[in-house]
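Next come the chains, spelled out residue by residue.
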Amino acid sequence: MVGYDPEAKCVSSAEAAVAGSASGFVTRVLVSPLDVLKIRFQLQIEQLSSRNPAAKYHGILQAVQRIFQEEGFSAFWKGHVPAQLLSVGFGAVQFMAFESLTELVHNVTSFDGRDSFVHLVCGGLAACTATVAVQPVDTLRTRMAAQGEPKIYPNFRRAVVTMYQTEGPRTFYRGLTPTLIAIFPYAGLQFFFYNILQQLSKWMIPAEAKNGASIKDLVCGSCAGVVSKSLTYPLDVVKKRLQVGGFEHARAAFGQVRTYGGFLDCMRQIMREEGPGGFFKGLSPSLLKAAFSTGLIFFWYELFCGLLCTLKSPENTKRKEG
């Protein structure tokens, strides 16, 4: 049900927004610990290795243990409120825009709205639209997940007020350029590969095997997430580094900190000081997160859309009237 299909259209743009926000909410609760790990790894200047005594984090298991010992179990959901606002808002805008764009392309141009390349372009544009809408929340989420103890921002409201008063409104859009550069291919490739994998699954799985449809959506989404994240990951690292600019004092407990003059300066410094591997710090938890989150996003979205279609079906309407 992802994308416009004239033969099976039963979800409006508004309903797509509801399904997208609901899928984002459920998925965020489940993958938040992986997101915290990914952000901590991305922001660490030192090499992620036990052979480097200055490195705070060496690997996934060691990082989990250390965060738990120093900050407690709740640390894996640091910044969860802005993260939930991000997920709900992003999911709603992205899927509503995607459904509207694919329908527009199908009705106004000669292209088929079900084509994989249409999904590539529309998916990228939909994600860019959602990114601009929720970028301030993403910056807040990154700041709150990145801070150590004692906390600079004790809560979401204090973070908003402090950032606005000390750094101005533009700080909420730190890292927007690399975010937009990264999100277009990342989201576009997600929809592109999900569409291709769904088409392949129709050839490989018998039509009568409907019980496996939900698992199929989960697997196709997970594979699409891993591939797209692997191809666009370096830009995500640059984005996270820029988002914590002006926040260096709260990062002192985590090791070295750097100040970047912008997108290109950040890339130059990472390459010079950390080498090519610096652009792939945190890739392991990020791929785990991409597999889980993308798979769950499409899984829940398809599920909620299916539920909405069922509620609108003539049989269900007659049953209610009876």
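What counts as what
- Residues numbered from 1 in each chain as written.
- Predicted model: local features only at pLDDT ≥ 70, side-chain atom pairs only at ≥ 80, totals over all residues.
- Heavy atoms only, no water.
- Helix = DSSP H or I, 4+ residues; strand = E, 2+ residues; numbered from the N terminus.
- Rg over C-alpha atoms; globule rule 2.2 N^0.38 Å.
- Buried < 20%, exposed > 50% of the residue type's maximum accessible area, 1.4 Å probe, protein only.
- Contact = heavy atoms within 4.5 Å.
- Areas by Shrake-Rupley, 256 points an atom, 1.4 Å probe, with all protein chains shown as cover.
- Lys, Arg positive; Asp, Glu negative; His and termini not counted.
- Charge placed at Lys NZ, Arg CZ, Asp CG, Glu CD.
- Domains from an automatic or database assignment.
- Buried area = accessible area lost by both parts, 1.4 Å probe.
- Salt bridge = Lys/Arg side-chain N within 4 Å of Asp/Glu carboxyl O.
- Polar contact = N/O pair within 3.5 Å; in protein donor to acceptor, adjacent residues only side chain to side chain.
- Nonpolar A, V, L, I, M, F, W, Y, C, P; charged D, E, K, R; others polar.
- UniProt positions renumbered as here; feature names shortened; annotations may be inferred.
- Phe/Tyr/Trp six-rings, centres within 6.5 Å; stacked < 30°, edge-to-face > 60°.
- 1 Å grid on protein atoms, 1.4 Å probe; cavity = no way out; pocket = protein on both sides within 12 Å on 5 of 7 lines; lining within 4 Å.
- Points joined across faces, edges and corners; volume = space filled by probe spheres on them.
- Axes fitted to C-alpha atoms, helices over the stretch in contact; angles between N-to-C directions.
- Left-handed = near helix turned anticlockwise from the far one by under 90°.

Undergrad: Any details on the overall build of the chain? Residues and values, ideally.
TA: Looking only at helices and strands, the chain features ten helices and zero strands. Mapped in sequence order, the helices and strands of the chain form the string α-α-α-α-α-α-α-α-α-α. For 322 residues, the compact-globule estimate of 2.2 N^0.38 gives 20 Å, and the chain sits close to it at 21 Å. Once the C-alpha set of the chain is aligned to its principal axes, its extents read approximately 65 × 40 × 40 Å. Counting across all 322 residues of the chain, residues that qualify as buried make up 50%. For the chain, long-range pairs separated by at least 24 residues make up 79% of all intrachain contacts whose partners lie at least 6 apart in sequence. Of the roughly 15100 Å² of accessible surface on the chain, 65% is carried by carbon and sulfur atoms. Between the mean site of the 33 positive side-chain charges and the mean site of the 24 negative ones, the chain shows a separation of 7 Å.

Undergrad: Give me the domain arrangement of the chain: which residues, what numbers.
TA: Assigned domains of the chain: these are domain 1 (10-77 + 280-311) and domain 2 (79-146 + 151-193). If you average the C-alpha positions of domain 1 and of domain 2, the two centres end up 15 Å apart. Listed per partner, the contact involves 21 residues of domain 1 and 20 residues of domain 2. With both chains or domains summed, domain 1 and domain 2 bury close to 1700 Å², and 64% of this area falls on carbon and sulfur atoms. Put simply, domain 1 and domain 2 have zero salt bridges between them. Our count for the contact surface shared by domain 1 and domain 2 stands at five residue pairs in polar contact (both at pLDDT 80 or more). For the side of domain 1 that touches domain 2, the secondary structure elements donating two or more residues are α1 (13-43) and α9 (283-312). For the side of domain 1 that touches domain 2, the element with the highest residue contribution is α1, accounting for 15 residues. In terms of residue class, the side of domain 1 that touches domain 2 is made up of eleven nonpolar, seven polar and three charged.

Undergrad: Could you give an account of the UniProt feature "transmembrane region" (unreviewed entry) in the chain, naming the residues involved and the relevant values?
TA: Following the UniProt record, the feature "transmembrane region" (unreviewed entry) maps to residues 172-194 and 290-311 here. This span, residues 172-194, is 83% helix and 0% strand, and a straight line between its end C-alpha atoms measures 32 Å.

Undergrad: Outline the UniProt feature "repeat: Solcar" (unreviewed entry) in the chain, listing residues and values.
TA: Here the UniProt feature "repeat: Solcar" (unreviewed entry) sits at residues 11-104, 114-200 and 212-307. With 72% helix and 0% strand, residues 11-104 has its two end C-alpha atoms placed 15 Å apart.

Undergrad: How would you explain the packing of aromatic side chains if you had to name every residue and give the values?
TA: Under the counting rule described, the total for this entry stands at 14 aromatic pairs. Taking 6.3 Å as the distance between ring centres and 90° as the angle between the ring planes, the aromatic pair formed by phenylalanine 95 and phenylalanine 298 counts as edge-to-face. Of this pair, phenylalanine 95 sits in helix α3 (residues 80-108) while phenylalanine 298 sits in helix α9, placing them 203 residues apart in sequence. With respect to class, phenylalanine 95 is no different from phenylalanine 298; both count as buried.

Undergrad: Can you tell me about empty space enclosed by the protein, naming the residues and giving the values?
TA: Inspection of every chain in the model, using the stated rule, returns three cavities of 30 Å³ or more. Its boundaries defined by the atoms lining it, the largest cavity holds a volume of some 740 Å³. Breaking the lining of the largest cavity down by element, the ones donating at least two residues are α1, α3, α4 (116-146), α6 (176-204), α7 (213-243) and α9. Of the residues contributing to the lining of the largest cavity, the split by class is 13 nonpolar, 15 polar and nine charged. Looking at which domains feed residues into the lining of the largest cavity, each of domain 1 (10-77 + 280-311) and domain 2 (79-146 + 151-193) gives three or more.

Undergrad: So what's going on with the packing of α1 against α3? Residues and values would help.
TA: Two elements in contact, α1 and α3, have axes separated by 7 Å at closest approach and are oriented at 145°. As for the relative orientation of α1 and α3, their crossing is right-handed in sense. Contacts between α1 and α3 involve Ser13, Ala16, Ala17, Gly20, Ser21, Ser23, Gly24, Phe25, Arg28, Val29 and Ser32 from the former and His80, Ala83, Gln84, Leu86, Ser87, Val88, Gly91, Ala92, Phe95, Met96, Glu99 and Ser100 from the latter. Here the contact of α1 with α3 is composed, by residue class, of ten nonpolar, eleven polar and two charged.

Undergrad: Any details on the layout of surface pockets? Residues and values, ideally.
TA: When its volume is computed, the second largest pocket comes out at roughly 190 Å³. Lys78, Gly79, Met144, Lys151 and Pro154 are, among the 17 residues lining the second largest pocket, the residues nearest its centre. A per-element tally of the lining of the second largest pocket places α3 first, with three residues. The class makeup of the residues in the lining of the second largest pocket is eight nonpolar, five polar and four charged.

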